[in-house]
Every structure is written in C-alpha cells, then in structure tokens.
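Structural characterization, general
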Amino acid sequence: MTDSALPPPLPAEALALEIARPLPGTRIGCTSPGRAQAAWTLAAERPDAAVSAWFLDRFPFEAALAAHGAVPDGLTVACAPDPPPGPLDLAVVPLSCDGEAELSRDILQAALLALEPGGHLVAAVDNPRDTWLHGQLADTKERVGVRRGSDAVAYVVTKSRPPRQRDFSAEVVFRDRERLLTAFTRPGVFAHRRVDPAARHLLNAVDVAPGTRVVDIGCGSGCVALGIAARDPSVVVHALDSNARAVDCTRRAAAANGLANVTVALEAGGAIPDPGSWDLVLANPPYYADFRIAKLFVDSAHRALAPGGTLLVVTKRPTWYLETLPAAWRDVAREEVKHYHLVAAVRP
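Residues numbered from 1 in each chain as written. Predicted model: local features only at pLDDT ≥ 70, side-chain atom pairs only at ≥ 80, totals over all residues. Heavy atoms only, no water.

1. A few points about the environment of Ala-78
Residue position: Ala-78 is located in strand β3 (residues 75–79). Relative accessible area serves as the criterion here: at 24%, Ala-78 is assigned to the partly exposed category. On a C-alpha basis, the gap between Ala-78 and Ile-19 in space is 24 Å, while along the polypeptide they are 59 residues apart. In this structure Ala-78 touches Ala-53, Trp-54, Phe-55 and Phe-61, once residues within four positions along its chain are discounted. (Helix = DSSP H or I, 4+ residues; strand = E, 2+ residues; numbered from the N terminus. Buried < 20%, exposed > 50% of the residue type's maximum accessible area, 1.4 Å probe, protein only. Contact = heavy atoms within 4.5 Å.)

Structure representation (structure tokens):
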C-alpha cells in the first residue's frame, strides 16, 4: 500500500468502517465517497471474505487503485452502472451530505436488496446533525440504530423484510429538428429526468455536413450525441464519459433510436480513438472552481481534432476559456445565448 498517496478516509467512511469492523460478514459490499478505505481494510482483516468496492465514476475508481497500490485477495474493485447484486450479509454505505439525494436513495435501495435477511447495513453521512438519511432508513420500517461521531453520524439496520422497491430511472423524449428522440437517465447521470439547457444550446449551435466526425466529451445521458447522430447516418459520433451509468444510458439510447453511427466509451483520461482525425469536438464541462476537468476536456479535444477542426464548449463561466485557449488554439470566439456562453476555437 502506498501510504503517501492514500489520504485518511472521509469522516462518514471512517465512522462506517469503525462500526462495521465488529459486525459479522463474509460477503461484504462497500461504496465510498473517497478512496474505498473501508473495503480495503475489511478485505485485509477478513482474508476469507468476499469484499466488493463499487464506484459509479471512473475518476475515483482510478484514484483508489492508484492510492492503494495493490488489491488484496478477496477484494473486487469495480466501476459499473450498478453495485454487485449480492447476496451480501454486510453492506457499508458512507455518503456525502453534498451528494445527489435521488442517487443516495438508489444506492441505499440497492444495498438493502442485496442483503440477505439478518444482514446488516451500515450507512453514514458527514453531517452529525443529519435527519435526512435517518428518515430514509426509517421509511424502510426496519429498526434503525444510531451512532454519532464528532463530524459524522452512522446508522445500522438489520434487514428483516424485503424493501419497497422503486424504479429511479426515466425516459426523456426530446425533439431535435424534425426527429423525436428518446434518452434514458438514472440518478447520478447528468442531467437526470431532463434535457440540460446547455445541451440544447449546443444542438442549436451546430450544423454538421455529411461525413463529419464528431466527439462528445462528457456526454452525460447522451442527448447531444443522439441529436447530432440522428441528423445524418453518415455522421460519425463518438461519445465518452467517466460515469458508468452515463455510458450505459447513452449506449442504450443509441440502440433504441437506431443510431448505429454512435460509439460510446467509459473514459476518465480523455483518450479518444484515432487522434488527429476528428472534425468537431463538443463539450459541456462541469463548473469546478479550478477548471481541472475543463482543462482535461480541452487537452483531449486538441489531441482528437485534425488541423482546422473546431472545439465548441458551452459554459456559464467563459473567462477561463478566453484566457487559456489562445495559447494553443486560433480563432477563439464567444457568443452569449440565454445566460450561457458558446466558446469556439480552431485547432491550428
């Protein structure tokens, strides 16, 4: 284990691990808001157990593997649309109070469904004054034990009955020009249950000639990729995202809409097939303060595009792009559309 690269567990995961360690269990499922320290610790302490660490996004999945350096025998680490289905006798689910509520409900439901009767769920959140998570667990009609820490609170549920099951997925029907298209969304996918306005602006801003090769970086539910691909079967669209559910939803939607000209990849590092051969890159990067993901998108676009190819980004915060792009791009331009900014640049 490379301790120098491994940060301490976040408060919710540290408390959940503390409570889970004395509980019985040889089939253990863990989620993590950090580097999966709970899963690694339990696997190391229980060499005869089968332990899984599940990630929805490839960024933290790769960061956990890099930080720990080695995977113990008995531990499976996966980045997938859904956690392993079980059966489990112990589920450890630390959550962030800043997380998406519907995704948290979905994860809790999956954990309870995977547990066998008599199995334990340990759920924790980094808010010592929590009432929301407690309410979600109380709604299961199971008895809920409470353990409070200084910066987190944890709950223990012993499963006695099958949980009420809810379908959190959605279909979104939207029009692009003359065609109605269907996208699929799930909790954790951008944007769940709707077409994001920024995606609309990208679609409205783009005209593609026959044979155009297009990359959609950070495709989310795939609405942009679907719309562009549906305009002409000779257009080639490659969509990528680090979120396993986003990739799954986009791939399903491409098949459901009969769009054989769409390929989809689960990708966190920005790798794109056939670099230097694409005509257009479209992106709606997240608004992180340090623009780390935006830089990854821009650098990936630069590698992907052929000389003379165009990058088109939609954002609410254009300043970073306008200051950064001219160093490696030409013809940088901005257009404001209904509180969004479309920033275009050409690969020299």
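2. A word on the sheet that holds strand β2 (residues 50–55)
Here 7 strands make up an open sheet; going across it, the order is β3-β2-β1-β4-β5-β7-β6 and the pairing mixed. A single partner strand is all that each edge strand has here, and the edge strands are β3 and β6 (144–148). Ignoring which end each strand starts from, the neighbouring axes of this sheet average 15 degrees apart. With 7 bridges connecting them, strand β4 (residues 88–95) and strand β5 (residues 115–125) associate as parallel partners. Among the inter-strand pairings, Leu-88 is bridged to a residue of β5, identified as Leu-115. The sheet strands contacting helix α3 (residues 58–68) are β2 and β3, and the helix crosses β3 at an angle near 150 degrees. Sitting on the sheet, helix α4 (residues 101–114) is in contact with β1 (27–31), β2, β4, β5 and β7 (153–158), with an inclination near 155 degrees to β5. (Pairing = 2+ DSSP bridges. Axes fitted to C-alpha atoms, helices over the stretch in contact; angles between N-to-C directions.)

3. Focus: the sheet that holds strand β10 (residues 213–217)
Sheet strands pair by backbone hydrogen bonding; their relative direction is either parallel or antiparallel. Taken in spatial order, the 7 strands make up an open sheet running β12-β11-β10-β13-β14-β16-β15, and their pairing is mixed. The sheet is open, and its two edges are formed by β12 (262–266) and β15 (330–337), each paired on a single side. The mean inter-strand angle of the sheet, taken between neighbouring strand axes irrespective of direction, is 15 degrees. Where β10 lies against strand β13 (residues 278–283), 4 bridges are found, and the strand directions are parallel. Directly across from Val-214, in β13, lies its bridge partner Leu-280. Against the sheet, helix α6 (residues 197–205) engages β13, β14 (305–315), β15 and β16 (340–346), with an angle of about 45 degrees to β16. In the packing of helix α9 (residues 292–304) onto the sheet, contacts are made with β10, β13 and β14, and the angle to β14 comes to roughly 155 degrees.

4. Considerations on the packing of α6 against helix α7 (residues 223–231)
The contact between α6 and α7 brings their axes to 9 Å, and the two run at 25 degrees. Considering the angle they form, α6 stands roughly parallel to α7. Judged by the sense of rotation from one axis to the other, the crossing of α6 with α7 is right-handed. Between α6, through Ala-199, Leu-202 and Leu-203, and α7, the contact on the second element is made entirely by Cys-223, Val-224, Gly-227, Ile-228 and Arg-231. Its residues assigned to classes, the contact of α6 with α7 shows 6 nonpolar, 1 polar and 1 charged. (Parallel < 35°, antiparallel > 145°, perpendicular 65-115°, else oblique. Left-handed = near helix turned anticlockwise from the far one by under 90°. Nonpolar A, V, L, I, M, F, W, Y, C, P; charged D, E, K, R; others polar.)

5. Here we look at the nonpolar core
One finds Phe-174, Val-214, Leu-226, Ile-228, Val-237 and Leu-282 to be the most contacted residues of the largest nonpolar core, which totals 38 residues. It is α7 that contributes the most residues to this core, 6 residues altogether. Setting aside its immediate chain neighbours within four residues, Leu-226 contacts Phe-174, Leu-181, Thr-182, Ala-183, Ala-253, Ala-254, Asn-257 and Leu-259. Residues Ala-16, Ala-20, Ala-43 and Val-156 belong to the second largest nonpolar core, which totals 32 residues. (Core = buried A, V, L, I, M, F, W, Y, C linked by side-chain atoms within 4.5 Å.)

6. With respect to the pairing of β2
Here β2 lies mainly inside the structure; 5 of its 6 residues are buried. With 5 bridges joining them, β1 and β2 adopt parallel strand pairing. Directly across from Cys-30, in β2, lies its bridge partner Ala-53. Assessed by its sense of winding, the connection that carries the chain from β1 through helix α2 (residues 37–45) to β2 is right-handed. As paired strands, β2 and β3 are joined by 5 bridges and run parallel to one another. When the sheet's bridge partners are listed, Val-51 is paired in β3 with Leu-75. (Right-handed = clockwise from strand over helix to strand, strands pointing away.)

7. Brief notes about the packing of aromatic side chains
All told, the structure shown has 4 aromatic pairs when counted by the stated rule. Geometrically, the ring pair formed by Phe-55 and Phe-61 is edge-to-face, given 6.3 Å between the ring centres and 70 degrees between the ring planes. Of the two residues, Phe-55 and Phe-61, neither departs from the other in class, the shared state being buried. Joined through ring pairs, the aromatic side chains of Phe-291, Trp-320 and Tyr-321 make up one cluster. Over the face of the ring belonging to Phe-184 we find Arg-252, whose NZ or CZ atom lies 4.2 Å from the ring centre. In this structure, Arg-292 packs its charged tip against the face of Phe-59, placed 5.9 Å from the ring centre. (Phe/Tyr/Trp six-rings, centres within 6.5 Å; stacked < 30°, edge-to-face > 60°. Lys NZ or Arg CZ within 6 Å of the ring centre and 35° of its normal.)

Just geometry here; none of it tells us what the structure is for.
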